[in-house]
Amino acid sequence: MWLNIKSFEEYKDVYRQSEEDRKKFWEHEAGTFYWRESWDKVHSGGFENGDIKWFEGGKLNITENALDRHLNTIGHKTAFIFEPNHPDSFRRTITYRQLYEDVCRFANVLESKGVEKGDRVCIYMAMTPELIISALACARIGAVHSIVFAGFSAQSLAERIQDCDAKMLITNDGLRRGDKHVPLKDISDEALEECPTVKNVIVCQRTNRDIDWVEGRDEWWHMLIRNASKKHTAVEMDAEDPLFILYTSGSTGKPKGVLHTCGGYMVYTSYTFRNVFQVSEEDIYWCTADAGWITGHSYIIYGPLFNGATGIIFEGVPTYPDAGRFWEVVEKYEVTHFYTAPTAIRALMSYDLDFVKKYDLSSLKVLGSVGEPINEEAWHWYHDHVGGGKCPIVDTWWQTETGGIMISPLAGITPTKPGFATLPLPGITPVLMDENGKEIGGNGVSGNLCIKHPWPGIARTVWGDHERYLQTYMSSYKGYYFTGDGCRRDEEGYYRITGRVDDVLNVSGHRLGTAEIENAIDEHPNVVETAIVGYPHDIKGESIFAFIICEDQPKNKEDFKKEIHKLVTKIIGPIAKPEKIQIVAGLPKTRSGKIMRRVLRKIAANDLENLGDTSTLLDPSVVDEIKEGEAF
Ligand code: 7RM
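Read on for an overview of the structure. (Residues numbered from 1 in each chain as written. Predicted model: local features only at pLDDT ≥ 70, side-chain atom pairs only at ≥ 80, totals over all residues. Heavy atoms only, no water.)

### A closer look at the side chain of E518
As a reminder of what qualifies: Under the DSSP-based scheme used, a helix requires at least four consecutive residues in state H or I and a strand at least two consecutive residues in state E, with every element numbered from the N terminus. Each residue's exposure class comes from its accessible area (1.4 Å probe, protein chains only) as a fraction of the maximum for that residue type: buried when under 20%, exposed when over 50%, partly exposed otherwise. The criterion used for residue contact is that any of the two residues' heavy atoms lie within 4.5 Å.
Residue placement: E518 occurs in helix α17 (residues 514–521). Overall, E518 belongs to the buried group, its relative accessible area being 8%. Among residues more than four places away in sequence, those in contact with E518 are T530, A531, I532 and R597.

See the structure below:
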């Protein structure tokens, strides 16, 4: 009954059908779910007005599709295998029935604390089953979850809580990531000093370290669930009711709260998971992302659960206790599907090949890549040494805003090509645009990547700022969704994503805005102005370069760098620290006051020969000064 494409011929056929009748295509897909009431209208609205709706009037609860629906068929099947940070720590498996009961218990807890449909709940936790239970329990009672990656600082956490007026925070006492300890509760306490809307904090024990306790506000997870019922009637939602907010960086200002809604997101993540990965009943699927990013939302939590897959929840990092950790886990659980980021591959490539060879990886059938362009060297290493030359690589291109995978091979079906995300999924129409805002036809061309028609998984708004949503995605090319990515379509019609064309950086697969890093650095008392650009980095893909104008020359550059790192870590998180700093007297600005970043990008990449046209600069001489300067 479900659409599960099985051959390349079928893919081409289905793609054509989806183009001919989009509504029929998505309606068929939506029909495979359990809806309490069917929708009135398959789709309405468009990019012009940013009023996109899918399956409006349809009534459902997304957790009934992720959990309840499976109880009679695969209730005893493992939903998740939990692999802790340290290989010798307590690991466990959770069946679909157990997960269902845990989610019901916690849904009852949330309701007993006064959380209601439409309320926002912030989740700031370690990668443990409880994080996933928290998110699903929110979805079950109709609360909007906002998961914040547990690597963000107190200030970032506070900003996100304030932006969505969250009523509750769910966190851990602390977490261990590799050999590092992160005091999540202390960080939460600091953040909450600025967050009066948060009335309750639920703390799930993970590290057993001493923490402060606010009576009347803080409660232990294990105490609360003790007497909670394992039965809970899911709250009925409209297809277009909010499901979650996830903050993501843009080219300007603070991170945006991208909002996804219940019906469309469900249909889209389920459809893409099934067709891209081709996971079958007995398979063990492992996505190494953190649930704090969209990849974790769509392809650890939701997509796999809708399809009754068995997934791994991994708390650790690729290099702890050593660089063989991923492969040890693959061997231990006989993982069949492995989905990770190019930055992890590149990091592991730099270690001795024995770390890979030591383990039996013959269970692997499909490899996946996500988050950034995968360079050919990494692609081949992944293909040959991890996949033993026999596993297709699905290079999946998509974004927080797209909800799910957009351009990708279907595993074992679409012929792959290193560095190419290959072809769009049925239902998705990518187009390349030229400088004049016109579609570029034909093959062997490059341009800015847009999507021509709405799809069910597209974000519906930016929380509290619909204007910004329209401005960011719908205004560059009228009537299209603009992705912010540059792209090439080769002679065969295959798509290769070349990277961001806006002021968004991709550092180790983490998305960061230049503006937010600049604003953080500008907080330093000795800093007048900062310009951030990315430059190529062997492992991280891209690294951060800061050009800084100082009030007074710092006496000690290394100390200054440390201060900047500390500040950025405090305001955003360690992932946003600039790797290189150069102190400059001025920045290359146009007459309208815009920093000419393309010049700075070239200088940062040490590509000084061809800086392009600098005649429109207010003061072209600053460029020479910067070229002569030195970074540290
Ligand atoms: C899923 C995710 C989105 C940005 C996107 C691209 C880049 C993601 C690929 C890729 C080349 C890929 N969401 N990107 N996947 N570039 N090939 N397969 O990463 O919102 O955090 O980032 O990531 O630039 O616009 S995200």
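### Quick word on helix α15 (residues 376–386)
Every buried residue belonging to α15 is among A378, W379, W381, Y382, H383 and V386, and all of these are buried. On its buried face, α15 is in contact with α12 (325–333), β18 (337–340), α13 (342–349), α14 (354–357), β19 (366–370) and β20 (393–396). G388 occupies a position one or two residues after α15 and carries a positive phi of about 60°.

### Focus on the pattern of salt bridges
Between side chains of opposite charge, a pair can form when the charged atoms approach closely. Keep this limit in mind: The working definition used for a salt bridge is a side-chain nitrogen of Lys or Arg within 4 Å of a carboxyl oxygen of Asp or Glu.
Tallied over the full model, the rule gives 37 salt bridges. Three or more residues are tied together by salt bridges with common partners; here these are E83, R91, R325, E328 and K332.

### Here's the deal with the pairing of β20
Just so we agree on the cut-off: Paired strands are those between which DSSP finds at least two bridges. By convention, orient the strands away from the viewer: a clockwise path from the first strand over the helix to the second makes the crossover right-handed.
The alternating pattern of β20 places I393 and D395 on one face and V394 and T396 on the opposite face, and all of these are buried. Sheet topology places β19 next to β20; four bridges connect them, and they run parallel. Bridged to V370 within β20 is T396. Crossover connection from β19 via α15 to parallel β20: handedness right-handed.

### Comments concerning the site of the ligand
Selection rule: One heavy atom within 4 Å of a molecule or strand is enough for the residue carrying it to be called near that molecule or strand. Pairs of N or O atoms are called polar contacts if they sit within 3.5 Å, as long as, within protein, a hydrogen donor faces a hydrogen acceptor (for residues adjacent in sequence, only side-chain-to-side-chain pairs). Accessible surface area values rest on a Shrake-Rupley calculation with a 1.4 Å probe, where residue burial reflects the displayed protein chains alone.
Around the ligand there are 17 residues in total, and D395, T400, D485, R500 and R511 lie nearest to it. In this structure, G371 approaches the ligand through a main-chain N or O atom, which is 3.1 Å from a nitrogen atom. Between the ligand and D395, the relevant distance is 2.7 Å, taken from a nitrogen atom to a side-chain nitrogen or oxygen of the residue. When isolated, the ligand has an accessible area of 530 Å², and the protein chains bury 95% of it.

### Topic: the sheet that holds strand β15 (residues 256–261)
By definition, the strands of a sheet pair up through backbone hydrogen bonds, in either a parallel or an antiparallel sense. How we decide: Axis definition: a line fitted to C-alpha atoms, over the contacting stretch in the case of helices. Angles run 0 to 180 degrees between N-to-C directions.
What the eight strands build is an open sheet, ordered β12-β11-β8-β6-β7-β14-β15-β24; its pairing is mixed. Only two strands of the sheet have a single neighbouring strand rather than two, namely β12 (218–220) and β24 (461–462). Where β15 and β24 come together, two bridges link them in antiparallel fashion. Along β24, the bridge assignment pairs L259 with T461. On top of the sheet, helix α11 (residues 294–306) reaches β7 (144–147), β14 (242–248) and β15; it is set at about 140° to β14, its chief contact.

Read these as layout, nothing more, since geometry by itself doesn't imply function.
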